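So you can see what is in the structure, the chains are spelled out below.
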Amino acid sequence: MSVAELKDRHAAATETVNALRERLKQKRLLLLDTDVAGYARSQGKTPVSFGPTDLVCCRTLQGHTGKVYSLDWTLEKNRIVSASQDGRLIVWNALTSQKTHAIKLPCAWVMTCAFSPTGQSVACGGLDSVCSIFNLNSPTDKDGNLPVSRMLSGHKGYVSCCQYVPDEDTHLITSSGDHTCVLWDITTGLRTSVFGGEFQSGHTADVLSVSICGSSSRMFVSGSCDATARLWDTRVASRAVRTFHGHEGDVNTVKFFPDGNRFGTGSDDGTCRLFDIRTGHQLQVYCQQHDDNEIPPVTSLAFSISGRLLFAGYTNGDCYVWDTLLAKVVLNLGTLQNSHEGRISCLGLSADGSALCTGSWDTNLKIWAFGGHRRVA
C-alpha cells in the first residue's frame, strides 16, 4: 500500500470518527433535558447574596519582579508558594506577608509550583522539562541558595503543572507539553506510570493542567490543548477512563469538585464547565457575555469548600465568583478596590476556605478574605 493510499485511508477514518463523535454529541444533548441551573430554578433556588464587602483584599504580596505564573497553599493555610518568571519561588507567610524562602531556580522559565502535603517541600517545573523538588529544611549553599533535593527528568516537553498525591510527600503527578502525564516516585526519582503518549486514548496535544481527586487519590483529571479533559486511574495507565468533550479551545485549567464526583474546567473559549465523572455528562456551562462579544480566556479556577462558589480568573484581569448552582456571577474581584492590574494567571483557596489568593502578571499576589458567614460557603 502506497503512502498516498495510507493518507487517504487515514483521512477517511478521521472523517468517520468525527461524524460519529458529532452523532454521539447530539444523542447526549437529547438525553440532557436540563442543566444544573435549569433544575435549580425549577426548584425555586435563589442566587447567593454576595456583596463587595463579603470578599475584600486584605494583603498584597510584593516581592516578585516578573509575571506570577503559579501558586499553592499549604494545608495549614498560613503559607503560600508562588512561582514567577523572575526565576524564583517565594514562600510567603500569608498572615504576615513575610517571605520565609526565596529560592533561585535552575531554570527561570517556571510554569508551575506546588506544596507537598506536609509543607516540608515544594515542587516546580517549566520549560526545562524537569520537575525540581526543594526541601525547605535543607541548609543553603555558600551563596545562600537552597539546593535542589531531587530532579525528576523524563518528560520530552515543558512541565505545565505538578501536584502532589494527597497525604504523602513521596509521589506527585505532572503534566507536560509532550502530551502525557506522569506519576513519579520522588524517593527514587523514577516514573511509576505514564498516562497518554503512544496510547490512543491519550491526549493529542499539550497537557496543561491536572487535578487529583481529594476523595480518591488514584483518580485524576487532565486538561489539554486538544480541547478535551480526560479522567485517569493511576492503576490503569494504558488508557483514559473517560474523555470529556465540549470546549472549543485549549483547556487551561481543571479542578475537582469537593465531592470528587464532578470537576470543573476553564478554557480559551472563555467558558468554565462542570462535568460528572460517573456519567460523562456536561452539567453546566459558565459564560458571561461581554458588550464587545469578546470573551476572555479562563486561566485558572477553584471551588469553595461546599462547591456552591466557583472562582475563575481571566486574561483581562477579571476574577468572577460564580454561583455554581444558578450559573450567575455574584461578584467580580476585578472591579473591587485594590484589584490586579494585569492577567489573573493563578488562584487558590486556603484549606479552611477562609481566604482566596490570586496571582497576576502584574507581579503581585493578593489575599482576599471572606466575611465570617462566608467561611464555609
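Use the structure listed above.
Described below are features of the structure shown in this document. The model shown is predicted, which means the values in this text are computed figures rather than measured ones.

Quick notes on the environment of Val182
Here is step 1 of the chain: Within the secondary structure, Val182 is located in strand S12 (residues 180–185).
Here is step 2 of the chain: The spacing of Val182 and Cys162 is 20 residues in sequence and 9.5 Å in space, taken between C-alpha atoms.
Here is step 3 of the chain: For Val182, the residues in contact, after removing those within four places along its chain, are His155, Leu172, Ile173, Thr174, Arg191, Ser193, Val194 and Phe195.

Structural notes on the nonpolar core
Here is step 1 of the chain: Judged by nonpolar contacts, the single largest core of 18 residues is most densely connected at Phe50, Leu55, Phe311, Leu333 and Leu356.
Here is step 2 of the chain: Secondary-structure elements contributing two or more residues to this core are strand S1 (55–61), strand S23 (309–314), strand S24 (319–323), strand S25 (328–332), strand S26 (344–349) and strand S28 (365–370).
Here is step 3 of the chain: For Leu55, the residues in contact, after removing those within four places along its chain, are Phe50, Phe311, Val321, Leu331, Leu333, Leu336, Trp368, Ala369 and Phe370.
Here is step 4 of the chain: Formed by 15 residues, the second largest nonpolar core is a distinct cluster that contains Cys272, Val298, Tyr320 and Trp322.

A word on the packing of aromatic side chains
Here is step 1 of the chain: The tally for this structure, following the rule as stated, stands at 13 aromatic pairs.
Here is step 2 of the chain: Between Phe244 and Phe263, the aromatic rings sit 4.8 Å apart at their centres with planes inclined by 85°, giving edge-to-face as the arrangement. In this pair, Phe244 sits in strand S17 (residues 242–244) while Phe263 sits in strand S19 (residues 262–267), placing the two residues 19 residues apart along the sequence.
Here is step 3 of the chain: For the pair Phe257 and Phe303, a centre-to-centre distance of 5.0 Å together with 75° between the ring planes defines the contact as edge-to-face. Here Phe303 lies in strand S22 (residues 298–303) and Phe257 lies in the loop between strand S18 (251–256) and S19, a separation of 46 residues in the sequence. Both residues of the pair, Phe257 and Phe303, belong to the buried class.
Here is step 4 of the chain: A network of ring pairs unites the aromatic residues Phe244, Phe256, Phe263 and Phe275 as a single cluster.
Here is step 5 of the chain: The ring of Trp361 carries the charged tip of Arg343 above its face, separated from the ring centre by 4.0 Å.

Thoughts on the sheet that holds S18
Here is step 1 of the chain: If you walk across this open sheet you meet the four strands as S18-S19-S20-S21, and the pairing is antiparallel. Strand pairing shows two members of the sheet lacking a second neighbour, S18 and strand S21 (282–286), which therefore form its edges. Each strand of the sheet is rotated relative to its neighbour by a mean of 20°, with strand direction disregarded.
Here is step 2 of the chain: Relative to strand S20 (residues 272–276), S19 is paired through five bridges, and the arrangement is antiparallel. Residue pairing for S20: Arg262 is matched across the bridge by Asp276.

Some points on the pattern of salt bridges
Here is step 1 of the chain: Scanning the model with the defined rule gives ten salt bridges in all.
Here is step 2 of the chain: The partner of Arg218 in a salt bridge is Asp233, and the shortest N-O contact between them spans 3.8 Å. Here the residue Arg218 occupies a position in the loop between strand S14 (207–212) and strand S15 (219–224), and Asp233 occupies one in strand S16 (residues 229–233), the gap between them amounting to 15 residues.
Here is step 3 of the chain: A residue is classified by how much of its surface remains accessible, and Arg218, at 37% relative accessible area, is partly exposed.
Here is step 4 of the chain: Here Asp233 and Arg235 are joined by a salt bridge, their closest N and O atoms 2.7 Å apart.
Here is step 5 of the chain: Taking relative accessible area as the criterion, Arg235 reaches 56% and is therefore assigned exposed.
Here is step 6 of the chain: Overlapping salt bridges bring together Asp259, Arg262, Asp276 and Arg278 as one network.

Topic: unusual backbone geometry
Here is step 1 of the chain: Unlike most non-glycine residues, Ala327 shows phi in positive territory, near 55°.
Here is step 2 of the chain: Along the chain, the position of Ala327 falls in the loop between S24 and S25.
Here is step 3 of the chain: Located in the positive-phi region is Asn338, a residue other than glycine, with phi close to 65°.

Calculation notes
Per chain, the residues get numbers from 1 upward, laid out in the order the sequence is written. Since the coordinates come from a predicted model, pLDDT governs what is reported: local features require at least 70, and pairs of side-chain atoms require 80 or more to be given and counted, while whole-chain, interface and lining totals use all residues. To obtain the side-chain values, all non-hydrogen atoms of the structure were used and water was disregarded. To qualify as a helix, a DSSP run of H or I must reach at least 4 residues; to qualify as a strand, a run of E must reach at least 2; elements of each kind are numbered from the N terminus. A contact between two residues is defined here by any heavy atoms of the two lying within 4.5 Å. We define the nonpolar core as a collection of buried residues of types Ala, Val, Leu, Ile, Met, Phe, Trp, Tyr and Cys that are connected through side-chain atoms lying within 4.5 Å of one another. Any residue under 20% of the maximum accessible area for its type is buried, any over 50% is exposed, and the rest in between are partly exposed; the area is computed with a 1.4 Å probe on protein chains only. Whether two aromatic rings pair depends on their centres lying within 6.5 Å, for rings of Phe, Tyr and Trp, where Trp uses its six-membered ring; planes under 30 degrees apart make the pair stacked, over 60 edge-to-face, and the rest tilted. Working rule: Lys NZ or Arg CZ, within 6 Å of ring centre, within 35 degrees of ring normal, means a charge sits over the ring. Note on pairing: two strands pair once DSSP finds at least 2 bridges between them. Here an angle of 0 to 180 degrees is reported between the N-to-C directions of two axes, which are lines fitted to C-alpha atoms, with helices fitted over the stretch in contact. When a carboxyl oxygen of Asp or Glu is within 4 Å of a side-chain nitrogen of Lys or Arg, the pair counts as a salt bridge.

Everything listed is a geometric property; what it means functionally is a separate question.
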